[in-house]
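Survey of secondary and tertiary structure
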Amino acid sequence: MVGMEACSWYDEEQTTMNYLVFNWKMNPGTRSDADKLMRAVIKSGKKKNVIVAPPFAYLERIKKMIQKTSIALGAQNVAFSQPSGGMLTGEVSASMLSDFGVEYVIIGHSERRYQLGEDDVHVRGKVEMVQKAGMVPVVCVGERHNMSFSRAKQAVIRQLFAGLKNASPRKKLIVAYEPVWAIGGDKDVSPSRAVRMIMEIQTWLDRRVKKNVPVLYGGSVHADNADDFLAHRCVKGLLVGSASLNPKEVSALVEKVR
Ligand code: PEP
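Residues numbered from 1 in each chain as written. Predicted model: local features only at pLDDT ≥ 70, side-chain atom pairs only at ≥ 80, totals over all residues.

**A look at the overall build of the chain**
In terms of regular secondary structure, the chain is built from 9 helices and 8 strands. In terms of overall dimensions, the chain has a C-alpha envelope of 45 × 45 × 30 Å along the principal axes. Every one of the 258 residues in the chain was classed for burial, and the buried ones make up 44%. Long-range contacts, defined here as pairs at least 24 residues apart, represent 75% of the contacts in the chain between residues at least 6 apart. (Helix = DSSP H or I, 4+ residues; strand = E, 2+ residues; numbered from the N terminus. Buried ≥ 20, exposed ≤ 12 C-beta atoms within 10 Å, placed from the backbone. Contact = placed C-beta atoms within 7 Å.)

Printed below as a string of structure tokens:
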């Protein structure tokens, strides 16, 4: 199998992860619920490499809450360019986010690609802006529909090629494989297929960008199935949407962070 050399073994004992990214999307609906949810993350104990990406409206309060923890602040979006005079209504620049204390930015999420028209030019620009501002891009890639592995691989590699064209090999980068059809919190995904794709991604990154870029999995992950993905050495962590809104799920997932 192509990609085996990049990450070649499976270890049922190894069910801890390096990165856990909570993507709250456009949730929760109120500031007090955001506080409650954040308290659940903080209460969960181990915090290193846990990244919380709340909506922009809650960044300020979440930043205050995590001040004395090692939880990192993430953003769900960023402007794809920085035109002179700040002429980009409604956008938030990478330098603003970095100045604010954001460390990670999710880029190319399927909801942005397919509901908001984010294209390769946007993804590429955002990766460049985020790296230049000293933050870490978390670049999401994944096939849109459930299709054959070879077609899915083609779609994923195309997204990597287009989105990471200007990525700096000297700067940090994280990639998240998120098959779009598997997003939603309740979809049935085969961990072995996801792992196989992650191995392909890892091989591509090793050759085309740089070695040891952490590749995460995202798509209907919860505490009960997380280990099925994490048992493989290639999977360096998880990007979690729906389950990140449930305090019980949150503590069980944080428990798995190394
Ligand atoms: C996501 O949208 O990035 C995601 C992983 O969602 P969910 O966990 O709900 O499938």
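**Concerning the sheet that holds strand 1 (residues 19-23)**
Hydrogen bonds along the backbone pair up the strands of a sheet, which may run parallel or antiparallel. The sheet built from 8 strands closes into a barrel, its strands ordered 1-2-3-4-5-6-7-8 with parallel pairing. Across this sheet, the average inter-strand angle for adjacent strands is 25°, counted without regard to direction. (Pairing = 2+ DSSP bridges. Axes fitted to C-alpha atoms, helices over the stretch in contact; angles between N-to-C directions.)

**Digging into helix 9 (residues 247-254)**
Of the positions making up helix 9, those classed as buried are E249, V250, L253 and V254. Considered in projection along helix 9, the buried side chains sweep an arc of 125° and stay on one side of the axis. Against strand 1, helix 1 (31-43), strand 2 (50-53), helix 8 (226-230) and strand 8 (237-240) lie the buried residues of helix 9. (Arc of directions from axis to C-beta.)

**Quick look at the site of the ligand**
Around the ligand lies a shell of 15 residues, among which I183, G185, G218, G241 and S242 are the nearest. Split by residue class, the shell around the ligand holds 5 nonpolar, 9 polar and 1 charged. (Near = placed C-beta within 6 Å. Nonpolar A, V, L, I, M, F, W, Y, C, P; charged D, E, K, R; others polar.)

**Regarding the packing of helix 6 (residues 149-163) against helix 7 (residues 191-208)**
Packing of helix 6 against helix 7 brings their axes to within 11 Å, and their N-to-C directions diverge by 40°. Considering the angle they form, helix 6 stands oblique to helix 7. Here helix 6 and helix 7 pass one another in a crossing that is right-handed. The segment helix 6 lies against helix 7, with F149, A152, K153, V156, I157 and L160 engaging R193, R196, M197, E200, I201 and W204. When the residues that make up the contact of helix 6 with helix 7 are grouped by side-chain class, the tally is 8 nonpolar, no polar and 4 charged. (Parallel < 35°, antiparallel > 145°, perpendicular 65-115°, else oblique. Left-handed = near helix turned anticlockwise from the far one by under 90°.)

**A short note on unusual backbone geometry**
Residue P28 is bonded to the preceding N27 through a cis peptide linkage, with omega at -15°. Among the secondary structure elements, P28 is positioned in the loop between strand 1 and helix 1. Of note, the phi angle at K25 is positive, near 50°, even though the residue is not glycine. Following the sequence through the fold, K25 ends up in the loop between strand 1 and helix 1.

**Focus: the confidence of the model for the chain**
On average, residues of the chain score 93 in pLDDT, and 93% of them reach the 70 mark or higher. Here residues 1-5 is a poorly scored stretch, pLDDT under 50, and it has 7 contacts once near neighbours within four places are set aside; other chains count. (pLDDT = per-residue confidence, 0-100.)

**Some words on the nonpolar core**
Counting 75 residues, the largest nonpolar core has V105, V175 and I198 as the members making the most contacts within it. Per-element accounting of this core gives the leading share, 8 residues, to helix 7. Non-local contacts of V105, meaning those with residues more than four positions away in its chain, are made with G74, A75, V78, L97, V130, M135, P137 and V138. (Core = buried A, V, L, I, M, F, W, Y, C linked by C-beta atoms within 7 Å.)

**Quick look at the pairing of strand 3 (residues 72-75)**
In this structure, strand 2 lies alongside strand 3, joined through 2 bridges in parallel fashion. The partner of V52 across the bridge, within strand 3, is L73. Since strand 2 and strand 3 lie parallel, the crossover through helix 2 (residues 59-65) that links them has a hand, and here it is right-handed. Regarding topology, helix 3 (residues 94-100) serves as the crossover connection from strand 3 to the parallel strand 4 (residues 104-107), and that connection is right-handed. (Right-handed = clockwise from strand over helix to strand, strands pointing away.)

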